[in-house]
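# Observations on the model geometry
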Amino acid sequence: MSYIKLDYQYSNIPIEDILEYKEEIKKIHNELHEKSQDEREFLGWLTLPTTYDKKEFERIKKAAQKIRKDSEVLLCIGIGGSYLGARAIIESLTHTFYNYGKGNGPQILYVGNNLSPNYMNDIIDMIGEKSVSINVISKSGTTTEPAIAFRIFREFLESKYGIDEARKRIYVTTDKEKGALKTLATEEGYEAFVIPDNVGGRYSVLTAVGLLPIAVTGIDIDRLMIGAKIAEDKYKDDNLKYNECYQYAVLRNILYKNDKNIEILVNYEPKMHYFTEWWKQLYGESEGKEKKGIFPTGVDFTTDLHSMGQYIQQGRRNLFETVLAVDNPNIDITIKQDEDNLDGMNFVAGKTLDYVNKKAMEGTIEAHVTGEVPNIVIHLEKLEEEAIGSLIYFFELSCAISGKLLGVNPFNQPGVEEYKKNMFRLLGKSGY
Ligand code: PA5
């Protein structure tokens with residue numbers, strides 16, 4: 001059983017070239033699995049769909065129910081791995097206009113992912129008189145952007161509800177014992193959820209980091225975990241010949257060696273925009289180090305065919321595309337015949353919009369491959385919980401394998417500290 005299918009015919013890489021990595025992959029596979037239970041390694045995500053904390057999971061569902069009952073808005077405070085995964089899943093599985101009155105739950109507003117006063121004021125404006133809860137998410141508990149946002153919105157909540165009621169509306173997701181946020185949560189008695197030590201930020205969406213905000217929207221997190229578990233079981237196979245997740249990692253590395261150092265994740269479904277943002281962080285932060293790594297970027301087609309299509313077709317030939325093809329739409333629409341046909345579009349009459357979208361995809365793949373942009377296609381059965389859970393796991397695992405093939409540590413991010421040091425010095429923080 002699988003919700004994902006890899007098609008690499010348009011990469012022009014034969015299976016024989018992929019299988020040359022067979023032994024190397026086996027070695028990496030064994031290394032990851034042997035160390036997966038070692039608390040000092042950042043490999044907790046590898047077995048998370050099986051070993052996740054079931055008690056905490058029930059507590060997440062309970063908290064989500066309470067938020068759904070008593071809040072019109074959930075403020076999700078976090079940055080990077082502490083919000084992108086939740087947003088990716090929420091937007092791919094809910095109504096496109098969830099936050100504009102079409103949601104089956106509280107509005108989800110994301111803050112603490114930038115330092116813009118305009119954005120912050122607009123969020124306050126957007127909340128207006130609505131009832132609010134906060135989920136502040138930070139593994140380190142010390143990240144500047146969410147810390148400042150939490151300072152602002154904690155005060156906002158306390159003046160709106162008084163200290164006692166505000167305490168009941170603040171949910172903290174952080175380390176089990178370290179960090180300023182953990183200290184604050186303990187002192188104030190906020191309900192706290194744990195980010196396991198051995199799960200890094202960008203690999204943490206299937207912990208409370210993602211699961212609480214996701215559950216608040218009404219998405220079925222049990223089904224999400226079932227999908228991830230199906231992927232965990234499926235991609236346990238150390239034989240590269242049968243493991244499409246590992247094949248994707250190998251394909252990327254072969255293309256990189258052939259000077260294709262920019263990977264564009266392509267979707268034909270606007271709901272997947274934030275999935276691409278999550279994927280960009282996962283791969284960019286995991287592989288971009290030691291002056292190595294594929295630069296991950298993304299486009300939303302067909303929209304961006306009218307902005308980026310020209311470059312992809314004829315610009316520098318250092319690109320390859322990975323197309324995320326959703327095979328079945330949740331709902332479709334048939335284009336009608338028009339008697340006058342003034343727009344000349346009767347050639348699509350009787351066809352569904354999804355059919356036209358698919359033909360645009362096929363035509364684009366053909367054009368880009370002809371233009372020397374190799375394509376990898378990842379088919380996803382449908383935008384539903386199990387499939388998305390599987391896809392999350394597929395990308396996390398292939399990212400770890402790909403980083404190892406590249407010869408970097410896919411679980412650290414030392415480069416992120418550089419801007420922080422300068423910013424702290426410029427802000428006059430002591431010690432900088
Ligand atoms: O993947 C990572 O570790 C980072 O992107 C972090 O998620 C991000 O920097 C936020 O960190 P924190 O959760 O500690 O606030």
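Everything discussed here concerns the structure shown above.
The following refers to the structure shown. (Residues numbered from 1 in each chain as written. Predicted model: local features only at pLDDT ≥ 70, side-chain atom pairs only at ≥ 80, totals over all residues. Heavy atoms only, no water.)

### Considerations on the overall build of the protein
Across its full length, the protein holds 17 helices and 10 strands. Dimensions of the protein, computed from C-alpha atoms along their principal axes, come out at roughly 60 × 60 × 45 Å. Residues classed as buried in the protein amount to 52% of the 432 residues present. Total accessible area on the protein stands at roughly 19900 Å², and carbon and sulfur atoms take up 51% of it. (Helix = DSSP H or I, 4+ residues; strand = E, 2+ residues; numbered from the N terminus. Buried < 20%, exposed > 50% of the residue type's maximum accessible area, 1.4 Å probe, protein only. Areas by Shrake-Rupley, 256 points an atom, 1.4 Å probe, with all protein chains shown as cover.)

### Here we look at the packing of aromatic side chains
Here the structure, examined in full by the defined rule, presents 19 aromatic pairs. When the centroid spacing of 6.2 Å and the interplanar angle of 90 degrees are considered together, the rings of Tyr 283 and Phe 395 count as edge-to-face. Remark: Phe 395 occurs in helix α16 (residues 385–406) and Tyr 283 occurs in helix α13 (residues 273–287); sequence separation between them is 112 residues. Given the relative accessible area of 0%, Phe 395 is considered buried. Three or more aromatic residues joined by ring pairs form one cluster here, namely Tyr 235, Tyr 248, Phe 275, Trp 278, Trp 279, Tyr 283, Phe 394 and Phe 395. Seen from the ring of Tyr 52, Lys 54 lies directly overhead, with NZ or CZ sitting 4.2 Å from the centre. Here Lys 429 stacks its cationic end above the ring of Phe 424, 4.2 Å away from the centre of that ring. (Phe/Tyr/Trp six-rings, centres within 6.5 Å; stacked < 30°, edge-to-face > 60°. Lys NZ or Arg CZ within 6 Å of the ring centre and 35° of its normal.)

### A word on the sheet that holds strand β4 (residues 132–137)
Read from one edge to the other, the open sheet built from 5 strands follows the order β3-β2-β4-β5-β6, with strand pairing classed as parallel. Two strands bound the open sheet, and with one partner strand each, they are β3 (107–111) and β6 (191–194). On average, adjacent strands in this sheet sit at an angle of 20 degrees to one another, irrespective of strand direction. Where strand β5 (residues 170–174) meets β6, 4 bridges bridge the pair, whose relative direction is parallel. Paired with Thr 174 across the strands is Val 194, a residue of β6. Strands in contact with helix α6 (residues 117–127) are β2 (73–77), β3 and β4; relative to β3, the strand with the most contacts, it is inclined by about 160 degrees. Contacts from helix α9 (residues 180–188) reach β4, β5 and β6, with the element oriented near 145 degrees to β5. (Pairing = 2+ DSSP bridges. Axes fitted to C-alpha atoms, helices over the stretch in contact; angles between N-to-C directions. Contact = heavy atoms within 4.5 Å.)

### Side note on the sheet that holds strand β7 (residues 262–267)
Taken in spatial order, the 5 strands line up as β1-β10-β9-β7-β8 in an open sheet, and their pairing is mixed. This sheet does not close on itself; its edge strands, each paired only once, are β1 (4–7) and β8 (295–300). Going from strand to strand, the sheet's axes swing by 20 degrees on average, the running direction of each strand aside. Inspection of the sheet shows strand β9 (residues 319–328) paired to strand β10 (residues 375–382) by 7 bridges, in the parallel sense. Looking at the pairing, Glu 321 lines up with Asn 375 of β10. Relative to β9, helix α15 (residues 353–370) is tilted by about 160 degrees, and along the sheet it contacts β9 and β10.

### A closer look at the environment of Leu 74
Structurally, Leu 74 is set in strand β2. Linking Leu 74 and Thr 142, residues 68 residues apart in sequence, is a C-alpha distance of 21 Å.

### Quick look at a nonpolar patch on the surface
A grouping of Leu 115, Ile 148 and Ile 152 is seen on the molecular surface, where their side chains present a nonpolar patch of about 230 Å² in accessible area. Assignment of secondary structure puts Leu 115 in the loop between β3 and α6. (Patch = residues over 30% accessible without salt bridge, like charges linked within 9 Å, V, L, I, M, F, W, Y side chains within 5 Å. Salt bridge = Lys/Arg side-chain N within 4 Å of Asp/Glu carboxyl O.)

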